[in-house]
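Here is what each chain is made of, one letter per residue.
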2 protein chains.
Amino acid sequence: MTKARNALNRAAYVAAALDVIGEVGVDKLSMRNVANRLNVSPMAMYKHFPTKDDLLAASLEEFISRANVVPDAGLPWEQWVGRVARGMYEALCGELSWVPLLGSLRVGSQAIAVTEAFVGKLCAAGFSVEQALRAYFAVIQVVVGAVCLRASLAARTGPRPGSLDAVVPPSGPGSARREKMKAVSGELEVFLRRDQIEIGLPLVIDALRAQLKETRI
Amino acid sequence: MTKARNALNRAAYVAAALDVIGEVGVDKLSMRNVANRLNVSPMAMYKHFPTKDDLLAASLEEFISRANVVPDAGLPWEQWVGRVARGMYEALCGELSWVPLLGSLRVGSQAIAVTEAFVGKLCAAGFSVEQALRAYFAVIQVVVGAVCLRASLAARTGPRPGSLDAVVPPSGPGSARREKMKAVSGELEVFLRRDQIEIGLPLVIDALRAQLKETRI
DNA sequence: ACCTGAACACCGTTCAAGT
DNA sequence: ACCTGAACACCGTTCAAGT
């Protein structure tokens, strides 16, 4: 049964790819080092993955599946949504090297399974399908954006990428403004180091709560 | 004055890099093709940009600067914030190839100039510095996330990356659920094609408006 | 039918050698 | 001091040649 053998090999390649990614990061993954890990010719992979991007997409699928972000039912929707979002955020923060291609890979069935669970949960809570989908994409946007900001923080080497003070225009009399900007500069670092997901997510959940209340009236 | 010559060359390299990016995309940019465009040895660039990432970071700076997203003052803060966010979104959608490295490049002074303007505007509207910074990062998260989703939509070749129906579990008696999921599947495409920024941004602005009202009481 | 090694056309970066 | 060409160690992918 060649189908079964193919399926096994595919999974083996993806598992090996995830191993490589865990060791050297997504950016350093290559067809060659995955094949070497399996003691096989790099060309053998092209039967299962016509392109490196196909291998990466399959690996991201498996990564999403392993992250297991969908929580138990039974939680109130706010907490349920929070758990999904924080679960995704933490999983991606654990493998920041995914970030550069979060926007360029195809979404597959694993990602859609999460969508389905999300929409189901929110519909059960009283949202319309349209509202639930809108909420889902808003949450995904915040998660992806938060991970990107977190990653670009991690990429910075020195403590200051450029000082806010250097940018404040030399406004003649505006000394109050200058003082406020000094406060901004001071707090900027603090904000960058904070858990990014706790910045955007509460705002979105608040807005959703208000939306639901308005719908029910 | 070597300083001036260096500055000129730096700008010339960045301009050439942006030309190349405009033609073939960020992913296809290389030290070699930028140098070729300027009829110079690829090695000459290493004096100004010790690494390809330095060239990319400088190019992103210039890209941000050219996008010119900070609108005129005088707009009410909601509209002002909306203009900044939509401006960023549209600029990045116009050059989607930036997306893969949105999370991996250092932020420079141009980005900080936008931060400063944003915080200044919201403080003038009555937000605290802390609230304004929080709002800024939330908006950036939504913009980046929206661009990522938009990009991953653009990356899809076929119309269906995987059908929702294929994922719905064969729940025995739950026929109402199945029907709802069919509706989800139908609307998913519509949502993916919609302007992503109009999904997350209104939610965030709503939450900010509520926050401001509460503060003022 | 399947797998492979060599080869192609790239890449970022190093470094000794030119001027 | 500055710039350069050749070279190193990679890369994704093609393809003719093996079994």
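Note that the structure is a prediction, hence the values are computed from the model and not measured. (Residues numbered from 1 in each chain as written. Chains lettered and ligands numbered in written order. Predicted model: local features only at pLDDT ≥ 70, side-chain atom pairs only at ≥ 80, totals over all residues. Heavy atoms only, no water.)

## Some thoughts on the protein's contact with DNA strand D
Inspection of the region around DNA strand D gives 14 residues, with A:Ser30, A:Arg32, A:Met43, A:Lys52 and B:Met43 positioned closest. Between DNA strand D and A:Met31, the relevant distance is 3.1 Å, taken from a phosphate oxygen to a main-chain nitrogen or oxygen of the residue. Between DNA strand D and the protein, one listed contact pairs a phosphate oxygen with a backbone N or O atom of A:Lys52 at 2.9 Å. (Near = heavy atom within 4 Å. Polar contact = N/O pair within 3.5 Å; in protein donor to acceptor, adjacent residues only side chain to side chain.)

## Focus on the confidence of the model for chain A
Residues and elements named next belong to chain A. Of all residues in chain A, 79% attain a pLDDT of 70 or more, and the chain-wide mean is 84. Mean pLDDT in chain A bottoms out at helix H7 (residues 175-193), which sits at 64, and peaks at helix H4 (residues 77-94), which reaches 96. Taken as a whole, residues 157-174 scores under 50 in pLDDT and shows 26 contacts with residues more than four places along the chain or in a different chain. (pLDDT = per-residue confidence, 0-100. Helix = DSSP H or I, 4+ residues; strand = E, 2+ residues; numbered from the N terminus. Contact = heavy atoms within 4.5 Å.)

## Comments concerning the layout of surface pockets
In this structure, the largest pocket spans a volume of roughly 970 Å³. Around the largest pocket, the lining is made up of 33 residues, and of these A:Pro100, A:Leu101, B:Pro100, B:Leu101 and B:Ser104 lie nearest the centre. Put simply, the parts of the chain that give the lining of the largest pocket at least two residues each are helix H3 (52-67) and helix H6 (129-155) of chain A together with helix H3 (52-67) and helix H6 (129-155) of chain B. When its residues are assigned to classes, the lining of the largest pocket shows 20 nonpolar, six polar and seven charged. (1 Å grid on protein atoms, 1.4 Å probe; cavity = no way out; pocket = protein on both sides within 12 Å on 5 of 7 lines; lining within 4 Å. Points joined across faces, edges and corners; volume = space filled by probe spheres on them. Nonpolar A, V, L, I, M, F, W, Y, C, P; charged D, E, K, R; others polar.)

## Brief notes about the state of the cysteines
Residue and element names in this part refer to chain B. The full count for this structure, using the stated rule, is zero disulfides over all chains. Lacking any disulfide linkage, Cys93 is separated from the closest cysteine sulfur, that of Cys148, by 10 Å. We classify Cys93 as buried; its relative accessible area is 14%. (Disulfide = S-S within 2.5 Å. Buried < 20%, exposed > 50% of the residue type's maximum accessible area, 1.4 Å probe, protein only.)

## A short note on the packing of H6(A) against helix H8 (residues 197-216) of chain A
All names here are of chain A. For the pair H6 and H8, interaxial distance at closest approach is 9 Å and the crossing angle is 170 degrees. In terms of orientation, H6 and H8 fall into the roughly antiparallel class. Contacts from Gln131, Ala135, Ala138, Val139, Val142, Val143 and Ala146 in H6 reach Ile197, Gly200, Leu201, Val204, Leu208, Gln211 and Thr215 in H8. (Axes fitted to C-alpha atoms, helices over the stretch in contact; angles between N-to-C directions. Parallel < 35°, antiparallel > 145°, perpendicular 65-115°, else oblique.)

## Describing the nonpolar core
By size, the foremost hydrophobic cluster in this structure holds 139 residues, and its most contacted members are A:Trp98 and B:Trp98. For A:Trp98, the residues in contact, after removing those within four places along its chain, are A:Leu18, A:Ile21, A:Val26, A:Leu56, A:Ser59, A:Leu60, A:Phe63, A:Leu92 and A:Leu105. (Core = buried A, V, L, I, M, F, W, Y, C linked by side-chain atoms within 4.5 Å.)

## Observations concerning the packing of H4(A) against H6(A)
Axis angle and axis distance: for two packed helices, these are the angle between their axes and the distance between the axes, and together they describe the pair. Residues and elements named next belong to chain A. Packing of H4 against H6 brings their axes to within 10 Å, and their N-to-C directions diverge by 30 degrees. Between H4 and H6, the angle falls in the class roughly parallel. Read as a crossing pair, H4 and H6 show a hand that is right-handed. Contacts between H4 and H6 pair Val81, Ala85, Met88, Tyr89, Leu92 and Cys93 from the former with Val139, Ile140, Val143, Ala146, Val147 and Arg150 from the latter. Residues of the contact of H4 with H6, tallied by class, amount to eleven nonpolar, no polar and one charged. (Left-handed = near helix turned anticlockwise from the far one by under 90°.)

## Some words on the pattern of salt bridges
All names here are of chain A. Evaluation of the coordinates by the stated rule reveals 14 salt bridges over all chains. A salt bridge links Glu78 to Arg209, with the shortest nitrogen-to-oxygen separation between them at 2.9 Å. Here Arg209 lies in helix H8 and Glu78 lies in helix H4, a separation of 131 residues in the sequence. In this structure Glu78 comes out as partly exposed when scored by relative accessible area, which is 24%. One network of salt bridges, with partners in common, ties together Asp19, Glu23 and Arg37. (Salt bridge = Lys/Arg side-chain N within 4 Å of Asp/Glu carboxyl O.)

## With respect to the packing of aromatic side chains
Residue and element names in this part refer to chain B. Taken as a whole and judged by the stated rule, the model has twelve aromatic pairs over all chains. With a centroid separation of 5.7 Å and 45 degrees between ring planes, the pair formed by Phe63 and Trp98 is classed as tilted. Note that Phe63 is positioned in helix H3 and Trp98 in the loop between helix H4 (77-94) and helix H5 (109-124), a separation of 35 residues in sequence. An identical accessibility class is assigned to Phe63 and Trp98; each is buried. (Phe/Tyr/Trp six-rings, centres within 6.5 Å; stacked < 30°, edge-to-face > 60°.)

## Description of unusual backbone geometry
Phi at A:Asn68 takes a positive value of approximately 55 degrees, unusual for a residue other than glycine. Turning to its location among the elements, A:Asn68 is positioned in the loop between H3 and H4.

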